Amino acid sequence: MARRFLYLFIPDFAFDWRRNGDSALASGDRPLIMTRPVAGSEIIAAADSAAVQQGIQVGRSLADARAMQPDLKAIETDMAADRNRLEQLAAWCQHYTPMVAVDSSAAPFTGDGGSAGLYLDITGCAHLFRREGAEDVRTEEQALGRDCLTALSRFGFAARLAVADTPDAARAIARFSPSTMTLVPPGKTSIALEPLPVASLGLVPSTVEALDRVGLRRIAQIISKPRAPLVSRFGSALVEALDRALGQRPAALDMRLPETPFRERLAFAEPIALREDLERAARQCLAGLCRRLEREQVGARRVRIRFFRVDGVVPQITVGTSRPCRDADVLFRLLVQHFDKLDPGFGIDVAVADIMERDMAASVQNTLDATAEPGCDAVTDLGDRLANRLGGEAIYRLQQIESHRPERAERRGDIRPSSKPLHWSNLRPLTPERARPVRLMRRPERVEATALLPDHPPARFRWRGSEYRVADAAGPERLAPEWWRADGDGAGEVDAMTRDYFRLEDQDGRRFWLYREGLAERGESPQWYLHGLFS
């Protein structure tokens, strides 16, 4: 099958989408320009069609432009906002083909003008728009193009498009042909390119000027000339651009390929906007995804659902799970809590659900309920719902760390457990001799302790101004320094001394966890610290 590419050109993209969202800009017939600061003055970065017709040129100062046209309306340029809106439009264009690429050689990526362009690889897609009784490929492409232009007009964009055998040819024709829609028959690319100016090949201005000086202004004048003289005089960029347009050299496009093969799409005969309809669509998409997850014996870790609105906006909801899950009801409960913030606008005509991340699902039965989904128990479900509602940083779980120092043995981590196992277990079974307190101090607190002998537990100690007499003691449990941590691994000090931990109970029944740091037999000065409290 011959490749076919559609190029969508929006001359006033940066202005059209702002007018559509700002009534102040949409009202009135005043020319609109965008400015950016350069060396202390405001320079025109883009001008709409009305301003260009009145002689306003990109690159001139705002003061000069106002001298020519006092009624100019100027706004500051925001390339990041333009790129974001163009990415949204590219996502919407996946209505027609899964392979869409943004033209990064043009604004809003270069900061030169307010236009924008998109490449669509429609190979094998045009037949979806076939009218009854129509068999001509051009008729199918014409139906697709009309549908696209009509929708863009509804969004507030004035666009042109061209369909050709190569992406560069489609780009050149769409940008430099006055026709709203141009369909180049397969195999007729060179004929369609001949009347276009050489600038349509995307050459740098210096090359275009050099060609103009020798009278080469149209592609027809260079398309059949020998390549070697053109390269020697005008550089290889001219020949490379010409060969790409003719299909004699491959063109590299950064296509927005489908992010995952796990996808369910649901189209509606009429746009929907009611909450119950959106929920029903989400359930149906998730049910289809979970059936496939079951066949593949994998589970979802991150799920996204997108709603394509009729005005071109694509609101989306993304949620994550702490364990691989393929229960449609569980996934729906995670998604539906965000539906209150979902704005259907004037209606939604397509819903698409994707599995963004998946993992092998557990095959063990966690409960006696045969209908329960493995790995999606009540506690995990609650944690997922809280994390997706409050944010990933609002809820956490304690993760084990490869350290036998109590203050380093655990740290806050993502609610989703890591799939990377520890190299060795840092917590041996907690026998009575190795019991840990329910409360661990943020930092060990210095205490004054008195012991009968240097290696004995303390008989009494003073902590926070109060004195405690020890009635019973157990220990010691010796923890050696972590010699491999040369800088303390962020702890603020180097591990240099051995610790001997004791479990103490005072005469009133209060239980403490103290340790002695330093060994007298090594000539060190032992110091006592309180590290935790037992219940």
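Residues numbered from 1 in each chain as written. Predicted model: local features only at pLDDT ≥ 70, side-chain atom pairs only at ≥ 80, totals over all residues. Heavy atoms only, no water.

**Concerning the overall build of the chain**
Stated formally: Helix numbering and strand numbering both begin at the N terminus, where a helix is a DSSP run of H or I of at least 4 residues and a strand a DSSP run of E of at least 2. The buried label applies to any residue whose accessible area, calculated with a 1.4 Å probe on protein chains only, is under 20% of its type's maximum; exposed applies above 50%, and partly exposed to all values in between. In this analysis, two residues are considered to be in contact whenever any of their non-hydrogen atoms come within 4.5 Å of each other. Each accessible area is a Shrake-Rupley result for a 1.4 Å probe, and residues are judged covered by the shown protein chains and nothing else.
On a plain count of helices and strands, the chain comes out with 14 helices and 20 strands. Buried residues in the chain amount to 44% of all 535 residues. Residue pairs in contact within the chain that sit at least 24 positions apart in sequence constitute 60% of those at least 6 positions apart. Element-wise, carbon and sulfur atoms account for 49% of the exposed surface of the chain, whose accessible area totals about 28200 Å².

**Let's talk about unusual backbone geometry**
Residue Pro-476 is bonded to the preceding Gly-475 through a cis peptide linkage, with omega at 5°. For Gln-297, which is not glycine, the phi dihedral falls at a positive 60°. Its place among the elements puts Gln-297 in the loop between helix H12 (275-296) and strand E10 (298-309). The class of Gln-297 is partly exposed, set by a relative accessible area of 35%.

**Quick word on the packing of helix H10 (residues 227-234) against helix H11 (residues 236-246)**
To keep it simple, the criterion reads: To obtain each axis, a line is fitted to C-alpha atoms, and for helices this fit is confined to the stretch in contact; angles are then taken between N-to-C directions over 0 to 180 degrees. Under this scheme an angle from 65 to 115 degrees is roughly perpendicular, one under 35 degrees roughly parallel, and one over 145 degrees roughly antiparallel; angles in between are oblique. Gly is put with the polar residues, along with every residue not named as nonpolar or charged; the nonpolar set is Ala, Val, Leu, Ile, Met, Phe, Trp, Tyr, Cys and Pro, and the charged set is Asp, Glu, Lys and Arg.
With their axes 6 Å apart at the nearest point, H10 and H11 run at an angle of 135° to one another. Comparing their axes, H11 and H10 come out oblique. Along its contact with H10, which presents Arg-227, Leu-230, Val-231 and Phe-234, the element H11 presents Ser-236, Leu-238, Val-239, Leu-242, Asp-243 and Leu-246. Each residue belonging to the contact of H10 with H11 can be placed in one class, and the counts come to seven nonpolar, one polar and two charged.

**Here's the deal with the sheet that holds strand E3 (residues 41-47)**
Counted only if it meets this: A pair of strands is treated as paired once DSSP finds two or more bridges between them.
Taken in spatial order, the three strands line up as E3-E2-E4 in an open sheet, and their pairing is mixed. Each having just a single partner strand, E3 and strand E4 (73-76) make up the two edges of the open sheet. Averaged over all adjacent pairs, the angle separating strand axes in this sheet is 45°, with direction ignored. With four bridges connecting them, strand E2 (residues 32-38) and E4 associate as parallel partners. Within E4, the position partnered with Ile-33 by the bridge is Ala-74. Of the strands in this sheet, E2, E3 and E4 are in contact with helix H1 (residues 13-21), which crosses E2 at around 115°.

**Considering the pairing of E2**
Bridge analysis of E2 against E3 gives six bridges, and the strand direction is antiparallel. Considered in E3, the bridge of Ile-33 is made with Ala-47. Connecting E2 to the next strand, E3, in antiparallel fashion are two residues, including Ala-39 with a positive phi near 55°.

**Remarks on the pairing of strand E6 (residues 116-121)**
In terms of burial, E6 is a largely internal element, six of the six residues being buried. Taken together, the six bridges between strand E1 (residues 5-10) and E6 define a ladder with antiparallel strand orientation. If you follow Tyr-7 over to E6, its bridge partner there is Tyr-119. Examined bridge by bridge, strand E5 (residues 100-102) and E6 share three bridges and lie antiparallel to one another. Across the sheet, Ala-101 pairs through a bridge with Tyr-119, a residue of E6.

**Digging into helix H7 (residues 167-176)**
In terms of burial, H7 is largely enclosed, as nine of its ten residues are buried. Looking only at H7, the buried set comprises Pro-167, Asp-168, Ala-169, Ala-170, Arg-171, Ala-172, Ile-173, Ala-174 and Arg-175. In this structure, the buried residues of H7 make contact with E1, E6, strand E7 (160-164), strand E8 (181-183), helix H8 (189-193) and H11.

**Details of the sheet that holds E8**
Across the sheet, five strands lie side by side as E5-E6-E1-E7-E8; this open sheet has mixed pairing. Edge strands, defined here as strands with exactly one partner in the open sheet, are E5 and E8. Strand-to-strand twist across the sheet, computed as the mean angle between neighbouring axes with direction ignored, equals 15°. By the bridge criterion, three bridges tie E7 to E8 in an arrangement that is parallel. The residue bridging Val-163 from the neighbouring strand is Leu-183, located in E8. Against the sheet, helix H5 (residues 79-92) engages E1, E5 and E6, with an angle of about 25° to E6.

**Notes on the side chain of Asp-165**
To keep things clear, this is the line we draw: For this analysis, a polar contact is any N or O atom pair within 3.5 Å, provided that within protein one partner can donate a hydrogen and the other can accept it, and provided that sequence-adjacent residues contribute only side-chain to side-chain pairs.
By the element assignment, Asp-165 lies in the loop between E7 and H7. You can call Asp-165 buried: its relative accessible area is 18%. Reaching out from Asp-165, the side chain makes a polar contact with the side chain of Arg-4 at a distance of 2.6 Å. For Asp-165, the side chain forms a polar contact with the main-chain nitrogen of Gly-187, separated by 2.7 Å. In this view, Asp-165 contacts Arg-3, Arg-4, Phe-5, Pro-185, Pro-186, Gly-187, Lys-188 and Thr-189; residues no more than four positions away in its chain are not counted.

**Describing the environment of Gly-288**
If you trace the backbone, Gly-288 turns up in helix H12. Residue classification places Gly-288 among the buried positions, given a relative accessible area of 7%. Taking the C-alpha atoms as reference, Gly-288 lies 8.8 Å from Ala-328; in sequence the two are 40 residues apart.

**Concerning the packing of H1 against H5**
Axis separation between H1 and H5 bottoms out at 10 Å; the angle between their running directions is 85°. In this view, H1 runs roughly perpendicular relative to H5, as classed from their interaxial angle. Taking contact as the criterion, the partners of Phe-13, Ala-14, Trp-17 and Arg-18 in H1 are, on H5, Ala-81, Asp-82, Arg-85, Leu-86 and Leu-89. When the residues that make up the contact of H1 with H5 are grouped by side-chain class, the tally is six nonpolar, no polar and three charged.

**Thoughts on the packing of aromatic side chains**
To keep things clear, this is the line we draw: Only the six-membered ring of Trp is used, alongside the rings of Phe and Tyr, when aromatic pairs are assigned; centres must lie within 6.5 Å, and planes under 30 degrees apart are stacked while those over 60 apart are edge-to-face, with the rest tilted. A ring is scored as having a charge over it whenever the NZ atom of a lysine or the CZ atom of an arginine sits within 6 Å of its centre and within 35 degrees of its normal.
Per the stated rule, a full pass over the model turns up 14 aromatic pairs. Ring geometry for Tyr-501 and Tyr-515: centres 4.8 Å apart, planes at 40°, overall tilted. Highlighted residues: Tyr-501 in strand E18 (residues 499-506) and Tyr-515 in strand E19 (residues 511-517), separated in sequence by 14 residues. Tyr-515 matches Tyr-501 in its accessibility class, with the two residues each being buried. Among the aromatic residues, those joined into a ring-pair cluster are Phe-461, Trp-463, Tyr-468 and Phe-512. Above the face of the Phe-332 ring, Arg-283 is positioned so that its terminal group lies 3.8 Å from the ring centre. We note Arg-292 situated over the ring of Phe-262; from NZ or CZ to the ring centre the distance is 4.4 Å.

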